[in-house]
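Structural features, examined
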Amino acid sequence: MSNIPRLAEIIAAHAHMAGPTLPTLHAIQAEFGHIPAEAIQMIADSENRSRAEIHGVVTFYHDFREAPAGRHVVKVCRAEACQAMGGEAVAARVAARLGLDFGATSADGGVTLENVYCLGLCATAPSALIDDRLCGRLTEARVEKLLAGIER
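The structure reproduced in this document is the subject of the present report. Here the structure is a predicted model, which means the values were calculated and not measured.

Reading guide: rules and limits
Residues numbered from 1 in each chain as written. Predicted model: local features only at pLDDT ≥ 70, side-chain atom pairs only at ≥ 80, totals over all residues. Heavy atoms only, no water. Patch = residues over 30% accessible without salt bridge, like charges linked within 9 Å, V, L, I, M, F, W, Y side chains within 5 Å. Areas by Shrake-Rupley, 256 points an atom, 1.4 Å probe, with all protein chains shown as cover. Salt bridge = Lys/Arg side-chain N within 4 Å of Asp/Glu carboxyl O. Helix = DSSP H or I, 4+ residues; strand = E, 2+ residues; numbered from the N terminus. Buried < 20%, exposed > 50% of the residue type's maximum accessible area, 1.4 Å probe, protein only. Pairing = 2+ DSSP bridges. Arc of directions from axis to C-beta. Contact = heavy atoms within 4.5 Å.

On the surface, a nonpolar cluster with roughly 310 Å² of combined accessible area is contributed by Leu22, Phe60 and Tyr61. As for its position among the elements, Tyr61 is in the loop between α4 (51–60) and β1 (72–77).

Moving on to the pairing of β1. Counting buried positions over the six residues of β1 gives six, a clear majority of the element. Burial along β1 is two-sided: the residues His72, Val74 and Val76 and Val73, Lys75 and Cys77 are all buried. Bridge analysis of β1 against strand β3 (residues 111–116) gives six bridges, and the strand direction is parallel. Its bridge partner being in β3, Val74 is matched across the sheet by Leu113. One ladder, built from three bridges, connects β1 with strand β4 (residues 128–130); its direction is antiparallel. Bridging from a neighbouring strand, Val74 pairs with Ile130 of β4.

This part takes up the sheet that holds strand β5 (residues 133–135). Strand order in this open sheet of five strands is β2-β3-β1-β4-β5, and the pairing throughout is mixed. Of all the strands in the sheet, just β2 (104–105) and β5 have a single pairing partner and so form its edges.

On to α4. Of all the positions in α4, only Ile54, Val57 and Val58 are classed as buried. Projected down its long axis, α4 carries its buried residues within an arc of 100°, all on one side. Away from its buried face by more than 90 degrees, α4 exposes Ala52 and Phe60. Elements that come into contact with the buried residues of α4 comprise α2 (21–32) and α3 (37–47).

Here is the structure:
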């Protein structure tokens, strides 16, 4: 089934706004779980902008996806405060435990592993976001327990 009719509805619903690009992209991602390729040209046409401009926005902001994420999303903070508190060891443990590189989704679509640069939990570094659950004061042992609940 084509996404084009629904994409057109979403784009039209935001066309009245000043600077509709980000709200439109957020709405599309909320609906589809990612930004379908055909959406980029449709937004560009609607806003009288180039495809490259819209693609640049999609690729600049790390929360926009060009492909669907896994059923579970694990975001590990890689910012300075988390690094200073042992975050790189935690990040390596998460990647090893999941058997994934950062930016990858498991073959079965179960888990996506992503970098994030600050979750605002600097006082409880190192931290991660597992699905919608913020997790601070991570250790390699705590990572094992938290990830055990993720079904792949």
